[in-house]
Amino acid sequence: MTGTAQLTTGSLASTFRTYFVLTKPNVWWLLVFTGIGGYFAGYRGSIDPSTLALTAASLTAGCAGAETVSNYIERDIDSVMTRTRRRPIPSGRINPPEKALYLGLALTSAGIVTSALINLYALAFMVFGVLDYVVVYVMLTKRRTPLNVILGSFAGGAPALIGYTAATGFPDVYGWLLAALIVLWIPSHVWSLAMKYREDYRRAGVPMLPVVIEERKAIRCIVSTVVLLVVFSLALPLFSPSLGLLYIATASLVGGLLLLFSLRTALRPNFENFWRLFKFSSPYLAVLFAVIIVEGFV
């Protein structure tokens, strides 16, 4: 009996890990974190723990659900690409694939319902984020146009606006600028990954910008978006009194490092430098929002 119980426990743990990986936690954790950052950027006075917890839960369900649905829709692409063929659906660990779709729809629905409990603005931004990512990006543009990342990037700003309006009740200029910071971050983040896996995307028939234009032009696009992102991040304190010297110093430091990575990639365009730029871009955004949380809380 003991051996059977251990086997059952191990099987349940393995199944949980499989479905957890299916939600792409390496993607949605950062989106949820920017939403929490949005809350701290917008709150004035005392924190409402119940609203903060509801916001975090709603963002987690909505973001994880959207990523899960995208995994189902893109299962044919994932099976072709070396980078993604070990994911739960193409590897056969989830069969039939419809199980993933049901989970994704359930999580997405939970995210939408709980966002409605925050306020109507949070609901509107949640619905917009899901539709822009799943419908506009994954279903309509990813396989059809190199503008896919641009058109789908607006979904990335939705979590910050959800968190911000959860605290303020209304999306003022600063809230929109926080969202714009993430929208500006997305192209260089995704395109640097696409530069490393150009052959993967080409084999799958996905027209990412670095796949359909020559390498030099793609690199110029990446470096240009990095420069715009860093300049924009340094201008944010002009619109918020809560951002002080700590944010300015941190944004200057990590922005300088991001520029250094991008310039090194431009001078030496190889797979390793593209990968380093991609890997640093996530901590870059996380550090900025961590400081926004600290500055807002203090």
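Everything quoted here is computed from the prediction, not taken from an experiment. The numbering scheme is per chain: residues are counted from 1 as the chain's sequence reads. For a predicted model such as this one, the threshold for reporting local features is a pLDDT of at least 70, and the threshold for listing and counting side-chain atom pairs is 80 or more; totals across whole chains, interfaces and linings nevertheless cover every residue. Side-chain numbers here rest on the full set of heavy atoms in the structure, without hydrogens or water.

Participant: Could you give me a rundown of the pattern of salt bridges, with the residues and numbers involved?
Facilitator: Only one rule defines a salt bridge in this text: a Lys or Arg side-chain nitrogen within 4 Å of an Asp or Glu carboxyl oxygen. In this structure the tally under the stated criterion is eight salt bridges. Here Glu74 ties to Lys142 by a salt bridge, and the two come within 2.8 Å at their closest N and O atoms. Highlighted residues: Glu74 in the loop between helix 3 (49-73) and helix 4 (75-80) and Lys142 in the loop between helix 6 (120-141) and helix 7 (148-152), separated in sequence by 68 residues. For every residue, the accessible area obtained with a 1.4 Å probe (protein chains only) is divided by the maximum for its type, and the residue is called buried under 20%, exposed over 50%, and partly exposed between those limits. Since its relative accessible area comes to 11%, Lys142 is described here as buried. Here Glu214 ties to Arg216 by a salt bridge, and the two come within 3.1 Å at their closest N and O atoms. Numbering of helices and strands starts at the N terminus; helices are DSSP runs of H or I of at least 4 residues and strands are runs of E of at least 2.

Participant: Got a sec to walk through the packing of aromatic side chains? Specific residues and values, please.
Facilitator: By convention, a stacked pair of Phe, Tyr or Trp rings (six-membered ring in the case of Trp) has centres within 6.5 Å and planes under 30 degrees apart, an edge-to-face pair has planes over 60 apart, and any other such pair is tilted. For the coordinates displayed, the defined rule picks out 13 aromatic pairs. Their ring planes at 85 degrees and their centres at 5.6 Å tell us that Phe125 and Trp176 sit as a pair that is edge-to-face. Here the residue Phe125 occupies a position in helix 6, and Trp176 occupies one in helix 9 (residues 173-196), the gap between them amounting to 51 residues. Among the aromatic residues, those joined into a cluster by ring pairs are Phe16, Phe20 and Trp28. Only when the NZ atom of a Lys or the CZ atom of an Arg is both within 6 Å of the ring centre and within 35 degrees of the ring normal do we say a charge sits over the ring. Here the basic side chain of Arg75 rests over the ring of Tyr72, its NZ or CZ set 4.1 Å away from the ring centre. Note that Arg83 overlies the ring of Tyr197, its terminal NZ or CZ placed 5.6 Å from the centroid.

Participant: How would you summarise a nonpolar patch on the surface if you had to cite specific residues and measurements?
Facilitator: Surface patches are defined over residues having more than 30% relative accessible area and no salt bridge, joining like charges when they lie within 9 Å and nonpolar side chains (Val, Leu, Ile, Met, Phe, Trp, Tyr) when within 5 Å. The Shrake-Rupley method, run with a 1.4 Å probe, gives the accessible areas here. Residue values count only the displayed protein chains as cover. Together, Val127, Leu131, Val135, Met139 and Leu140 make up an exposed nonpolar region whose accessible area comes to about 390 Å². Looking at Leu131, the relative accessible area reads 46%, which means it is partly exposed.

Participant: Give a description of the side chain of Ser192 that names residues and reports values.
Facilitator: Considering the arrangement of structural elements, one finds Ser192 in helix 9. Definition of a polar contact: a pair of N or O atoms within 3.5 Å, with one able to donate and the other able to accept a hydrogen when the atoms are protein atoms, and with sequence-neighbouring residues admitted only if both atoms are side-chain atoms. Within the local environment of Ser192, its side chain forms a polar contact with the backbone oxygen of His189, the two atoms lying 3.0 Å apart. Contacts: residue pairs with any heavy atoms within 4.5 Å of one another. Once you skip the residues sitting within four places of it in the chain, Ser192 turns out to touch Ile222, Phe274, Leu277 and Phe278.

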